[in-house]
Amino acid sequence: MPDSKVRVRFAPSPTGALHIGGVRTALYNYLFAKQHKGDFILRIEDTDQGRYVPGAEDYIVRSLEWAGIHTDESPSQGGKYGPYRQSERMDIYHTYAHQLLENGFAYYAFDTPEELTAMREKDATFKYDASSRNTLQNSIVLSQKTVQEYLQAGKSFVIRMKVDAHQEIEIEDTIRGKVVFNSNEIDDKVILKGDGMPTYHLANIVDDHLMEITHVIRGEEWLPSTAHHVLLYRYFGWTPPEFAHLPLILKPTGQGKLSKRDGATFGFPVFPLQWNGGDEIFPGFREAGFLPEAVINFLGLMGWSPGTDEELFSMNEFISMFSLERIHKAGARFDFDKAKWFNQHYIIISEDTYLASLVKEGVTKMFGVNFDSDYIAQVCSLMKERVHLLPEIYTQGAFFFEEVRNYDLAAVLKKYKPENHAHLENMANLILSSGNAVEEVIKNYIHDKELKMGEIFPVLRIGISGTMQGPDLFKTIQVLGNQKASQRLLKAISLFQDESKKVS
């Protein structure tokens, strides 16, 4: 651990919705920073203007806020290391690109995209590197006079970093250990594009250095690029940060990286919040009915292990226990059922009023009635131990918000006895008149009349809620109110009597 204060960054590109894998990367950076009392920085890498999507940056910020991942420095908060959007740091990148040119670590390349495409079509293994650059149109081959004439004439160019042949580039990765690249396997990456924009390779190195980033924690897909980055640090004479490359999040099958399109394929969200992709709307974990605490718990264990069998952790508990050394190298399979298991736990321990505030809009939209928040909270109290997702509170508990539309007749007809019909009517009347003593009165009636609980209770339950799957019968009556429960039961047992005659 360096003596300097820990500083980490999450640096997404605003080219679309933030994938759930990106949320995990942000989370691990945040946990590491907070454990070491360091800073967590949000930096927007928006140099690829061709892929820039309006609204994507705002979506990233809202997603992190929803997840409880709070930034110390960001484009909106500012900070002494800003600006925090790369598009606002262009002069900085140009300065450092020209420093590489002056020191012989980079060169101008004037080859047109059409020329390079033709070379790749001719040779599928072609790459712009030490073995090919001497045959191409660049400042290594061309005379200084020709280069100046090209520049003065406004000829299109890019700036490439110069990678010498036959070098071993060694990286010490906190998660993966020593990783060695041979420079013959990598190309002379473009570091400044024809439109004057830096590529990721230059911008991220310069920014990480100037923002005093101590640890770079990112997905393993960036590991191959780290060879170029280590070389750039060497060229500038800078000490690189410590690297930690996170394992992939895999499809539920365990085969291949979980992609943004897999949500539609497998039927679950892969974004934290709903994303409007123009012609398509992609659901988010929030809209599917997840609590942020559950998503954080789920993602926190997707690649990291506490070393015990414990699975339930708050954000603060994660912060106290987290370590990069306990991150696995192997990819982590995305298990949506496990995510729902976590969500069920957090729904159960949540305050009823909090849950009511989250589902109230969905209740109003589904039933067209603006129910009182206290009433919705009472429903949440009864339903929350029976659901995995927030909308299930009112979809599975629809009978709290509207009259029963469908009865489980198959179940009720197994228990309904015509000779009990008068007793059921009596119990409906007792429900109406018993106030808060419904449970005691009904149970006493069944006992006194020597009826069978197993024949009466299912009929009462289905008559009032339509299903055997609801919460406690008498708590349901209490929430619905005695009058409504009595009316429902009278209506239902009349229907049950008619249906019983049909099958007899």
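Everything here concerns the structure above.
Because the structure is predicted, anything quoted here is derived from the model rather than measured. (Residues numbered from 1 in each chain as written. Predicted model: local features only at pLDDT ≥ 70, side-chain atom pairs only at ≥ 80, totals over all residues. Heavy atoms only, no water.)

Caption draft 1: Representation of the overall build of the protein chain within the structure. Helix and strand counts for the protein chain stand at 21 helices and 13 strands. The globule rule puts the C-alpha radius of gyration for 504 residues at 23 Å, and the 32 Å found for the protein chain is more than 25% above it. Overall, the C-alpha framework of the protein chain stretches about 110 × 50 × 35 Å when taken along its three principal axes. Expressed as a percentage of its 504 residues, the buried residues of the protein chain come to 50%. Within the protein chain, counting contacts between residues at least 6 apart in sequence, those at least 24 apart form 73% of the total. When the accessible area of the protein chain is evaluated, it comes to approximately 23,900 Å², of which 48% is carbon and sulfur surface. Side chains of the protein chain carry 54 positive and 67 negative charges; the gap between the two charge centres is 3 Å. (Helix = DSSP H or I, 4+ residues; strand = E, 2+ residues; numbered from the N terminus. Rg over C-alpha atoms; globule rule 2.2 N^0.38 Å. Buried < 20%, exposed > 50% of the residue type's maximum accessible area, 1.4 Å probe, protein only. Contact = heavy atoms within 4.5 Å. Areas by Shrake-Rupley, 256 points an atom, 1.4 Å probe, with all protein chains shown as cover. Lys, Arg positive; Asp, Glu negative; His and termini not counted. Charge placed at Lys NZ, Arg CZ, Asp CG, Glu CD.)

Caption draft 2: Structural detail: helix H3 (residues 90-102). Between its terminal C-alpha atoms H3 stretches 19 Å, which fits the 18 Å expected from 13 residues at 1.5 Å a residue. For H3, the full list of buried residues reads Met90, Tyr93, Tyr96, Ala97, Leu100 and Leu101. Angularly, the buried residues of H3 cover 150° about the axis, an arc narrow enough to put them on a single face. Exposed residues pointing more than 90 degrees away from the buried face of H3 are listed as Asp91 and Glu102. Against strand E3 (106-109), strand E4 (158-161), strand E7 (190-192), helix H6 (200-210) and helix H7 (226-236) lie the buried residues of H3. In the segment just after H3, Gly104 is the residue with positive phi, at about 80°. (Expected span 1.5 Å × (residues − 1). Arc of directions from axis to C-beta.)

Caption draft 3: Seen up close, the packing of helix H19 (residues 453-465) against helix H21 (residues 482-503). Running from N to C, H19 and H21 point in directions that differ by 110°, and their axes come no closer than 8 Å. The angle between H19 and H21 places the two elements in the roughly perpendicular class. Residue-level inspection shows Val459, Leu460, Ile462, Gly463 and Ile464 of H19 in contact with H21, the latter providing Ala485, Arg488, Leu489, Ala492, Ile493 and Phe496. Each residue belonging to the contact of H19 with H21 can be placed in one class, and the counts come to 9 nonpolar, 1 polar and 1 charged. (Axes fitted to C-alpha atoms, helices over the stretch in contact; angles between N-to-C directions. Parallel < 35°, antiparallel > 145°, perpendicular 65-115°, else oblique. Nonpolar A, V, L, I, M, F, W, Y, C, P; charged D, E, K, R; others polar.)

Any functional reading would require information that these geometric values do not contain.
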